[in-house]
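# Results of the structural survey
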Amino acid sequence: MSSQKILLDALLDEVAARPGAIVVFDLDDTLFSTGDRHLRILAEFAAVIETSDARSAGILRGIAREKLRYSIADTAKDHGLEEKLAKDLRDFWFARFFKNPYLLEDSIIPGGPEYASEVLVRGGRSFYMTGRDEGMREGTEASLLRHGFPEPDGKGATLVLKPRFDTPDFAFKNEALRAVGEMGTVAGSFENEPAHVNLFVERFPKGRHFLLETKHSGRPIAPHPSVHRIKDFRR
Ligand SMILES: [Mg+2]
């Protein structure tokens, strides 16, 4: 049996032992992979510059999914895009990446929908807590439903979004965790940002906390030694 399965099963057993226990899931690069969202924006930008700069358009179209970096600026730099164009790309990306229609482009981290559903089957609650803001609620709900995640109806599953776009994610999660902690026992959490998973460890030291080894912002922060590392949610 893989250690990933053992760890993921152990959290479900914990949930079953504590009716109503909460498991918190981050969304971007935890339940969802944002790669296809990046690729769509790159393709759209390539189409815009095609007539003026066919060579750069070709480079952009040729970027492979696995070569995408966390930030579009790093992706551009890795592929030798000249500075002015990289800046235009960054602005183009920023105007789209956080918009509802683009959220539907995301694919899932394997096993996520089944795992979030299993939390409910075992008598627990799944909380989606994300740095996405309220303006992204519509696309986020649609994306969750189309991929078979439990519907965030405020009963079995709840979607917690940032009230304001410009609040830093860390400050928002720090505050939101206080409220979630008052709603029940937090049995565990899933995150791709080491700084965020450490926040969960600090706030809920008895919980089981997981770091998804997908990609993150690159801040040089080591996850707490108690944090479990997994690739995805397959058991
Ligand atoms: Mg994330």
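Residues numbered from 1 in each chain as written. Predicted model: local features only at pLDDT ≥ 70, side-chain atom pairs only at ≥ 80, totals over all residues. Heavy atoms only, no water.

Moving on: the overall build of the protein. Broken down by element type, the protein carries 10 helices and eight strands. Computed over the C-alpha atoms, the radius of gyration of the protein is 19 Å, within 12% of the 18 Å expected from 2.2 N^0.38 for a compact globule of 235 residues. Each principal axis of the C-alpha atoms in the protein carries an extent, and together these give about 60 × 35 × 30 Å. The 235 residues of the protein split such that 48% are buried. If you take every contact in the protein between residues at least 6 apart in sequence, the share linking residues at least 24 apart comes to 72%. Computed over 34 positive and 36 negative side-chain charges, the separation of the two mean positions in the protein equals 2 Å. (Helix = DSSP H or I, 4+ residues; strand = E, 2+ residues; numbered from the N terminus. Rg over C-alpha atoms; globule rule 2.2 N^0.38 Å. Buried < 20%, exposed > 50% of the residue type's maximum accessible area, 1.4 Å probe, protein only. Contact = heavy atoms within 4.5 Å. Lys, Arg positive; Asp, Glu negative; His and termini not counted. Charge placed at Lys NZ, Arg CZ, Asp CG, Glu CD.)

Our next topic: the coordination of the magnesium ion. Tetrahedral coordination by four donors places them ideally at 109.5 degrees to one another around the metal; octahedral coordination by six donors ideally gives 90 or 180 degrees. Looking at the magnesium ion, the protein donor atoms are Asp26 (OD), Asp28 (O) and Asn192 (OD1), and they sit 2.1 to 2.2 Å from it. When the donors of the magnesium ion are listed by position in the chain, the intervening gaps give D-x1-D-x163-N. The two residues Asp26 and Asp28 agree in class, both being buried. (Donors = N, O, S within 2.8 Å, 3.2 Å for Na, K, Ca; no water.)

According to the stated counting rule, one finds 30 salt bridges in the structure shown. Between Asp106 and Arg132 there is a salt bridge whose closest N-O contact spans 3.2 Å. With a gap of 26 residues between them, Asp106 in the loop between helix H6 (100-103) and strand E3 (107-108) and Arg132 in strand E4 (residues 125-133) connect regions that are remote in the sequence. Look at Arg132 and you get buried, because its relative accessible area is 2%. A cluster of three or more residues bridged by salt bridges with shared partners is formed by Asp28, Arg37, Asp106 and Arg132. (Salt bridge = Lys/Arg side-chain N within 4 Å of Asp/Glu carboxyl O.)

The subject of this paragraph is the nonpolar core. Membership of the largest hydrophobic core comes to 26 residues, with the highest contact counts inside it found for Leu11, Phe25, Leu31, Tyr115, Tyr128, Phe190 and Phe233. At the level of elements, helix H1 (3-17), strand E1 (22-25), helix H7 (112-121), strand E5 (157-162), strand E6 (186-191) and strand E7 (208-212) are the ones that each hand at least two residues to this core. Among the elements that line this core, the one with the most residues is H1, at four residues. Leave out the neighbours within four places in its chain, and Phe190 touches Leu8, Leu11, Val23, Val24, Phe25, Asp26, Thr30, Tyr115, Phe210, Leu212, Ile230 and Phe233. Ile41, Phe45, Leu89 and Tyr102 belong to the second-largest nonpolar core, a separate cluster that totals 19 residues. (Core = buried A, V, L, I, M, F, W, Y, C linked by side-chain atoms within 4.5 Å.)

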